[in-house]
Amino acid sequence: MLTPKFSLYLYGIAFYFFLALVYTSLRTCEIPSFKLFESEKTLAFLDIGPISKGHALVIPKFHGAKLTDIPDDQLSEILPVAKKLVTATGAVDYNILQNNGRIAHQVVDHVHFHMIPKPNEQEGLGVGWPTQQPDMDALKKYFEEVKSKM
């Protein structure tokens with residue numbers, strides 16, 4: 001008998017393979033999509049679950065779950081294509097969004113960038129920004145640590 005935890009684990013594996021298949025199918029045109037741009041490295045298409053008119057995705061064809069999994073040369077077209085989408089859709093206000101990891105709201109394990117027009121307060125991405133008051137000495141120490149790794 002399967003325990004609920006193990007059933008959830010199996011569901012997670014099946015869901016991951018389903019999402020991988022969907023992205024592979026999109027990239028190879030095995031399933032229909034509203035493709036807006038394609039090159040050797042990059043694919044852009046309308047989101048089929050948009051949160052505003054013009055919501056589109058830009059993906060590298062190189063597979064990787066997180067941004068750090070993608071070689072730099074495979075990312076070179078991403079922002080220029082997102083910029084072209086902004087122009088093509090006529091978006092004036094918009095978000096460019098890319099999530100990495102489940103707690104950062106990543107659902108699909110393939111790097112993808114959203115271009116989300118924000119035509120008004122009701123449509124588009126809603127974002128909360130809970131700022132913090134950092135200890136300036138701790139922030140300076142952290143700055144030095146990160147800067148030394150750049």
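This write-up is about the structure you can find in this document. (Residues numbered from 1 in each chain as written. Predicted model: local features only at pLDDT ≥ 70, side-chain atom pairs only at ≥ 80, totals over all residues. Heavy atoms only, no water.)

Some remarks on the sheet that holds strand S2 (residues 42-46)
And step 1. Pairing in this open sheet of 5 strands is antiparallel, and the strands run S1-S2-S3-S5-S4 from one edge to the other. Each having just a single partner strand, strand S1 (35-38) and strand S4 (94-97) make up the two edges of the open sheet. For this sheet, the mean inter-axis angle between neighbouring strands, taken without regard to orientation, is 15°.
And step 2. Relative to the sheet, helix H2 (residues 78-89) contacts S1, S2, strand S3 (56-60), S4 and strand S5 (113-117), its axis offset from that of S3 by approximately 160°. (Pairing = 2+ DSSP bridges. Helix = DSSP H or I, 4+ residues; strand = E, 2+ residues; numbered from the N terminus. Axes fitted to C-alpha atoms, helices over the stretch in contact; angles between N-to-C directions. Contact = heavy atoms within 4.5 Å.)

A word on unusual backbone geometry
And step 1. Here His105, not a glycine, exhibits a phi torsion of approximately 75°, which is positive.
And step 2. Summarising the element assignment, His105 is placed in the loop between S4 and S5.
And step 3. The class for His105 is exposed, based on a relative accessible area of 63%. (Buried < 20%, exposed > 50% of the residue type's maximum accessible area, 1.4 Å probe, protein only.)

A look at the pairing of S2
And step 1. Counted residue by residue, S2 has 4 buried out of 5 residues, so it is predominantly covered.
And step 2. In this sheet, S2 lies alongside S1 in antiparallel orientation, the contact comprising 3 bridges. Paired with Phe37 across the bridge in S2 is Ala44.
And step 3. Where S1 folds back onto S2 in an antiparallel hairpin, the turn is made up of 3 residues.
And step 4. By the bridge criterion, 5 bridges tie S2 to S3 in an arrangement that is antiparallel. Residue pairing in the sheet places Phe45 in a bridge with Leu57 of S3.

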